[in-house]
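Coordinate analysis (summary)
For reference, the chains in residue letters:
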Amino acid sequence: MLTAQQKLKLLAVVYRSMGDSKWGPRTVAGYLPPLTPNVLTQLSELEAAGLTESVHLDDRSILVSDINLDLHSGKTFHIELNTSNGPTIPFVRTFQELLDLPTALTKKPIAFFVEDINYCSEDDGAPPQIVSKYLSILSFVQTLQRLSDFADMSSSGVLTLVFLLKEKYEVRVEYGAADVEKASQSETLLHFLESTPHEANKRDILKGVVVDTIKSSRTPFTSLISSLDDVTRRATDNYAVFVSEFSFDKIRDEIEKRKSEFILRINKVFSDIQDKLLGVPLALIIASTQLDTKGDYGKNTSIICGISIFTILMALLLKNQVANLEAIKEEYAYQEGLLEKEYSSLHAKIEKAFKVIQGRWLYLDRKLQFVAGLVLGNYAFACFLYYQWTPQFRDTFDAICYLSKHYFLWGWALIR
């Protein structure tokens, strides 16, 4: 005697070979290929399994037992197949008809055939994408049943799952073919729940994500299956935080706190010397107005010495602030590396904070470089004025340059 799966497979094989098929409420009828030994064998198997309603030859009813291969070879028979084998082995025309069976919404039938996608569950090879998504949804329904506080099956056969989390949330397991096509697939969700560590905590985490997804939706179940990938990702992220004994909000607050501290420290590096920087243009003006254009050597030399000391002190101060900036950079780089190591799955979410710090550091570093250039430019300009307005120094300087040049040329000639 054939099993339910074998019966369905036989129906699918015969149906696929039929021509001019017509569907009825509980039957499907059509013309078989011209009679051959193989076709006669199929007819006998259908009859033995109780899957034939009627067989006709030339518009006359005929018993399968009366069909003779020698007499009827090459003849075309019209057959009506009985497809009403119950909800556990549906033989349907469209995928939506399969989902119109309440039991098929929560549990895979023992075997099934869907004509519009030409798929039989007993076929070899990978199923169509819509069937793969359907099977994923069924697995997800089983997962939701494990998470729910209780389940209720209505008189119409629709499953309602109830979640209690501060409030009561209900999810009716109702969906259609269009919902299945839009559904996302997540192969990691079942593995996430079934892996050994912290099983109870994982269920609580996933339950929280599910409730958060459905609480503001008018169609809770379809919202869940359309965002299954996102549900899995959020559950995985929250679990990663749980393992680290922190909540994501606490980590985010800690990162924001560290970001604020680093930015304040970086800003302080510049604000500490901001008042001193006001003296740079002022010193230049004073130097320009105090240098004697008539060439007073003593006065001009004392002024340029003062400007030189000022420039050296400013250079040391700037070098110290740059060193402070570098130290802060090394420290926040270390903190970023530490977070990436401890919370690798969350690093992408908090990386933005460190980019803000990096941007602020780069901005102030360039500011200090500009100030350093300004100080050196001021000093060079003061030296130029001193050289132009102090003939005694200019003549001495020119003489030293002249002697140095000729000494170098004389030494170079001896070497050669």
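Because the structure is a prediction, the values reported are computed rather than measured. (Residues numbered from 1 in each chain as written. Predicted model: local features only at pLDDT ≥ 70, side-chain atom pairs only at ≥ 80, totals over all residues. Heavy atoms only, no water.)

1. Some thoughts on the side chain of Lys 7
- Checked against the element boundaries, Lys 7 lands in helix 1 (residues 4-17).
- Lacking a salt bridge, the buried Lys 7 has Glu 53 as its closest oppositely charged neighbour, with an N-O distance of 12 Å.
- Those residues in contact with Lys 7 that sit more than four places away from it in its chain are Leu 2, Ala 49 and Leu 51. (Helix = DSSP H or I, 4+ residues; strand = E, 2+ residues; numbered from the N terminus. Buried < 20%, exposed > 50% of the residue type's maximum accessible area, 1.4 Å probe, protein only. Lys, Arg positive; Asp, Glu negative; His and termini not counted. Salt bridge = Lys/Arg side-chain N within 4 Å of Asp/Glu carboxyl O. Contact = heavy atoms within 4.5 Å.)

2. Quick look at helix 1
- In this model helix 1 runs 20 Å from its N-terminal to its C-terminal C-alpha over 14 residues, within 8% of the 20 Å that 1.5 Å per residue would give.
- Buried within helix 1 are the following residues: Lys 7, Leu 8, Leu 10, Leu 11, Ala 12, Val 14 and Tyr 15. (Expected span 1.5 Å × (residues − 1).)

3. Here we look at the sheet that holds strand 5 (residues 78-82)
- Spatial strand order, 1-2-5-3-4: 5 strands in an open sheet with antiparallel pairing. Strand pairing shows two members of the sheet lacking a second neighbour, strand 1 (19-23) and strand 4 (60-61), which therefore form its edges.
- Sheet analysis places strand 2 (residues 27-31) next to strand 5, joined by 5 bridges and oriented antiparallel. Within strand 5, the residue paired with Val 28 across the bridge is Leu 81. (Pairing = 2+ DSSP bridges.)

4. Things to note about the packing of aromatic side chains
- This model, assessed by the stated rule, comprises 9 aromatic pairs.
- Ring centres 5.7 Å apart and planes at 90° place the aromatic pair Phe 95 and Tyr 134 in the edge-to-face group. With Phe 95 in helix 4 (residues 95-99) and Tyr 134 in helix 5 (residues 129-147), this pair connects stretches of sequence that are 39 residues apart. Take Phe 95 and Tyr 134: they sit in the same class, and that class is buried.
- Here Phe 112 and Tyr 134 contribute two aromatic rings whose centre-to-centre distance is 6.4 Å and whose plane-to-plane angle is 85°, an arrangement assigned as edge-to-face. Of the two residues, Phe 112 sits in the loop between helix 4 and strand 7 (113-114) while Tyr 134 sits in helix 5, which places them 22 residues apart along the sequence. Grouping residues by exposure puts Phe 112 and Tyr 134 together as buried. (Phe/Tyr/Trp six-rings, centres within 6.5 Å; stacked < 30°, edge-to-face > 60°.)

5. Some points on unusual backbone geometry
- The phi torsion at Asp 58 lies on the positive side, around 55°, for a residue other than glycine.
- With a relative accessible area of 56%, Asp 58 lands in the exposed category.

6. With respect to the pairing of strand 2
- Here strand 2 lies mainly inside the structure; 4 of its 5 residues are buried.
- Sheet analysis places strand 1 next to strand 2, joined by 3 bridges and oriented antiparallel. Along strand 2, the bridge assignment pairs Gly 19 with Tyr 31.
- The hairpin turn running from strand 1 into strand 2, its antiparallel successor, is 3 residues long.

7. Notes on the nonpolar core
- If you look at the biggest cluster of nonpolar residues, it comprises 41 residues, and the most contacted ones within it are Phe 95, Tyr 134, Leu 144, Phe 163, Tyr 175 and Phe 221.
- Elements supplying a minimum of two residues to this core: helix 4, helix 5, strand 10 (159-165), strand 11 (167-172), helix 6 (177-182), helix 8 (199-214), helix 9 (220-226) and helix 10 (228-243).
- When residues in this core are grouped by element, the largest group, 9 residues, is from helix 5.
- Setting aside its immediate chain neighbours within four residues, Phe 95 contacts Val 114, Asp 116, Ile 117, Ile 130, Val 131, Tyr 134, Ala 177 and Val 180. (Core = buried A, V, L, I, M, F, W, Y, C linked by side-chain atoms within 4.5 Å.)

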